[in-house]
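Fold and geometry: a report
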Amino acid sequence: MTTTATAHLTTHDTTRIDDLRIGSVRPLITPALLEEKLPVGEAAQALVESSRKAISKVLNGQDDRLLVIVGPCSIHDHDLALDYARQLKVQADALAQDLLVVMRVYFEKPRTTVGWKGYINDPHMDGSFAINEGVEMARRLLLDILDVGLPAATEFLDLLSPQFISELVSWGAIGARTTESQSHRQLASGLSCPVGFKNGTDGGIKVATDAILAAQGKHAFMGMTKMGQAAIFETRGNQDCHVILRGGKEPNYSAAHVDAACALLKAAGLREQVMIDVSHANSSKQHARQITVAQDVASQIAAGDKRITGMMIESHLCEGRQDIVPGQALQYGVSVTDACISMPQTVPVLEQLAAAVRARRAK
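Throughout what follows, the structure given in this document is the object of discussion. (Residues numbered from 1 in each chain as written. Predicted model: local features only at pLDDT ≥ 70, side-chain atom pairs only at ≥ 80, totals over all residues. Heavy atoms only, no water.)

1. Re the layout of surface pockets
If a probe as big as a water molecule is rolled over the atoms, it shows which places are left empty. Where we set the bar: Throughout, the protein atoms alone are placed on a 1 Å grid, and a set of points is a cavity if a 1.4 Å probe fits but cannot get out or a pocket if it is open with protein on both sides within 12 Å along at least five of seven lines; lining residues have an atom within 4 Å of a point. Grid points are joined across faces, edges and corners, and a volume is the space filled by probe spheres set on the points. Helix and strand definitions follow DSSP, with helices as H or I runs of at least four residues and strands as E runs of at least two, each counted in order from the N terminus. In this classification, the charged set is Asp, Glu, Lys and Arg, the nonpolar set is Ala, Val, Leu, Ile, Met, Phe, Trp, Tyr, Cys and Pro, and all remaining amino acids, among them Gly, are polar.
Counted as a void, the largest pocket has a volume near 570 Å³. Along the walls of the largest pocket sit 23 residues, with Pro 162, Gln 163, Leu 187, Leu 191 and Phe 233 positioned nearest its centre. Where the lining of the largest pocket is concerned, the elements lending two or more residues are α6 (162–165), α7 (182–190) and β6 (220–224). Of the residues contributing to the lining of the largest pocket, the split by class is 10 nonpolar, eight polar and five charged. Taken as a whole, the second largest pocket holds about 460 Å³ of empty space. As for the second largest pocket, its lining consists of 27 residues, of which Pro 110, Arg 177, His 280, Lys 285 and Asp 338 are closest to the centre. Looking at the lining of the second largest pocket residue by residue, the class counts come to nine nonpolar, eight polar and 10 charged.

Structural data, given as C-alpha cells:
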C-alpha cells in the first residue's frame, strides 16, 4: 500500500502549475570551469589586490587622491574596450600622483522596460542570448585590461554573474534601481571589493545610507558556488562601501547637495564622503554636460572639500551614442547605450580634476 502511494506521488503531473512561462532551460558553464580555462595570472592578481587596498585607503581618508571611475557606459566590443584601456592607461600613469583611475567596464545594463541587456546577456547583440559566450568574453576582457595595467570597475546587477568575474574587479557599483534591493545589499556584504551604492532614481539618499549599513552587516543567503552547486553563503560584511550621487528628479552634485548627503551619512554614523557621478541625472542625460558638472565638482575640491572622494564619468573613444540596427555596421568607438564624451574630451577633465586635488592638498 505504501509503495503504491509513493509511486503515485513521484509520478504526479505538475506541468499544469510549474514553469508555465519558461520557454526553455539551457545548460550554464560553471564558474570553476571558466576559471580553469581563463585563469588569473600572478601580475593580474597583484594588481587587483593592490588597487583594492588603494581604493580602500581613499575611502577611509588615508590617501588624498581622487578615485575616478571612467569609461564606456557599457562594453559591447572587446577590441574597442582594449583600445580605450590603452589610451586611458597613459592618462592614469601621468596623473597617478593625484588621481586613482579605474576603468569602467560595465557588462550588464538595467532596462526600464526592454532593450539590450549587455555584453554578458547578449554578447552578439542579436537576441541570441549566448550567455555562456558572454561570461567567457567578459572574463577574457577583464584579464586583458588587467594586462594593460588598469584596474577595472563594474556594476553588479545579476546575482549569479559575479561568480564568473568578481575576483578580477577592483571596485563595484550597485545601481540606482537595485540599491534598495535586499539581495544586492546581501551580495555587497560578501563582495571582496569596495562597493558604491547609488542614490535612488528619485534622488533619495537614505536608501543608499541604509544600503551601506546593511552591507556592513553579516548575512546568510542562497546562491551558487563556483562549482555550480546551490549553497548557503554566510558573509562577513563589507566595510568599504560608500554613496554615489547620481542625481534624481534634479541634479545633486552642488555643494549644498554634498552637505545634505553628508549630514545624512553622519546621522547614520557613517563616514562623510561621496562619489559624484557626473552623468545620468546629474547631467540631465546630456552627455556633454558632464564636462560642466565636472568643472563644478573640481571647484569644490579645489576649495578644500575633502568629503568628495570619487568621481564617475561616462567616456568612450568617440562622442555620442548609436542604436543597434540589425544588418547595419556600428560606428567605431561610439556607445550603444548612454551617450558618452570622447577620449579627447575626457583628458582635459582628468587634468582639471588632478589640478583640483593638488589645490586641495595645498590648503
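Now, onward.
2. Some remarks on the packing of aromatic side chains
We count it as follows: Stacked, tilted and edge-to-face are the three classes assigned to paired rings of Phe, Tyr and Trp, where Trp is represented by its six-membered ring and a pair needs centres within 6.5 Å; plane angles under 30 degrees give stacked, over 60 edge-to-face, the rest tilted. In this scheme, a residue with accessible area under 20% of its type's maximum is buried, one over 50% is exposed, and one in between is partly exposed, where area comes from a 1.4 Å probe on protein chains only. Definition used: whenever NZ (Lys) or CZ (Arg) falls within 6 Å of the ring centre and also within 35 degrees of the ring normal, the charge is taken to sit over that ring.
According to the stated counting rule, one finds two aromatic pairs in the structure shown. With a centroid separation of 5.9 Å and an interplanar angle of 25°, the aromatic rings of Phe 107 and Tyr 119 are classed as stacked. On the criterion of sequence distance, the pair formed by Phe 107 in the loop between β2 (99–104) and α5 (131–148) and Tyr 119 in the loop between β2 and α5 is long-range, its members being 12 residues apart. As far as burial versus exposure is concerned, Phe 107 and Tyr 119 are alike and both buried. Ring geometry for Phe 221 and Phe 233: centres 6.1 Å apart, planes at 20°, overall stacked. With Phe 221 in strand β6 and Phe 233 in strand β7 (residues 230–234), this pair connects stretches of sequence that are 12 residues apart. Residue class for Phe 233 comes out partly exposed when judged on its relative accessible area of 26%. Taking NZ or CZ as reference, Arg 104 lies 3.7 Å from the ring centre of Tyr 106, over its face.

3. Structural notes on unusual backbone geometry
Backbone geometry places Asp 19, a non-glycine residue, at a positive phi of 55°. As for its placement among the helices and strands, Asp 19 is situated in the loop between α1 (2–10) and α2 (31–37). Positive phi outside glycine occurs at Met 125, with the angle close to 55°. Here Met 125 shows up in the loop between β2 and α5. By relative accessible area, Met 125 is classed as buried at 19%.

4. Remarks on the nonpolar core
What tends to happen in soluble globular proteins is that the nonpolar side chains get buried as a cluster. To be explicit about the condition: In these notes, a set of buried Ala, Val, Leu, Ile, Met, Phe, Trp, Tyr and Cys residues joined through side-chain atoms within 4.5 Å is what counts as a nonpolar core. We call two residues in contact when some of their heavy atoms are within 4.5 Å.
If you look at the biggest cluster of nonpolar residues, it comprises 81 residues, and the most contacted ones within it are Leu 99, Phe 107, Phe 197 and Ile 313. The leading source of residues in this core is helix α11 (residues 343–361), at eight residues. Not counting chain neighbours up to four residues away, the residues in contact with Ile 313 comprise Val 68, Ile 69, Val 70, Gly 71, Arg 104, Val 278, Gln 290, Ile 341, Val 349, Leu 350 and Leu 353.

5. Topic: α5
Our working definition: Under the convention used throughout, the expected extent of a helix is 1.5 Å for every residue step, that is, one less than its residue count.
Counted at 1.5 Å a residue, the expected span for α5 with its 18 residues is 26 Å, and the 26 Å between its end C-alpha atoms agrees. Restricting attention to buried positions, one finds in α5 the residues Gly 134, Val 135, Glu 136, Ala 138, Arg 139, Leu 141, Leu 142, Leu 143, Ile 145 and Leu 146. The elements touched by buried residues of α5 are α2, α3 (42–59), α4 (78–94), β2, β3 (152–155) and α6. Just downstream of α5 lies Gly 149, where phi reads positive at about 110°.

6. Details of the pattern of salt bridges
Stated precisely, the cut-off is as follows: Whenever Lys or Arg places a side-chain nitrogen within 4 Å of a carboxyl oxygen from Asp or Glu, that contact is recorded as a salt bridge.
Using the criterion set out here, one finds 16 salt bridges in the structure. The shortest N-O distance in the salt bridge between Glu 35 and Lys 226 comes to 2.9 Å. Of the two residues, Glu 35 is situated in helix α2 and Lys 226 in the loop between β6 and β7; the sequence distance between them amounts to 191 residues. With its nearest N and O atoms 2.8 Å apart, the salt bridge here joins Arg 361 to Asp 98. You can see Arg 361 sitting in helix α11 and its partner Asp 98 sitting in the loop between α4 and β2, a full 263 residues away along the chain. For Arg 361, a relative accessible area of 38% puts it in the partly exposed group. For Asp 98, a relative accessible area of 6% gives the class buried. Salt bridges sharing common partners tie together Asp 64, Asp 98, Arg 358 and Arg 361.

7. Comments concerning helix α8 (residues 206–216)
This is how it is decided: Think of it as the arc spanned by the lines of direction from the helix axis to the C-beta atoms.
If you check which residues of α8 are buried, you get Ala 208, Thr 209, Ala 211, Ile 212 and Ala 215. Projected down its long axis, α8 carries its buried residues within an arc of 155°, all on one side.

By themselves, these are just geometric observations and shouldn't be taken as functional.
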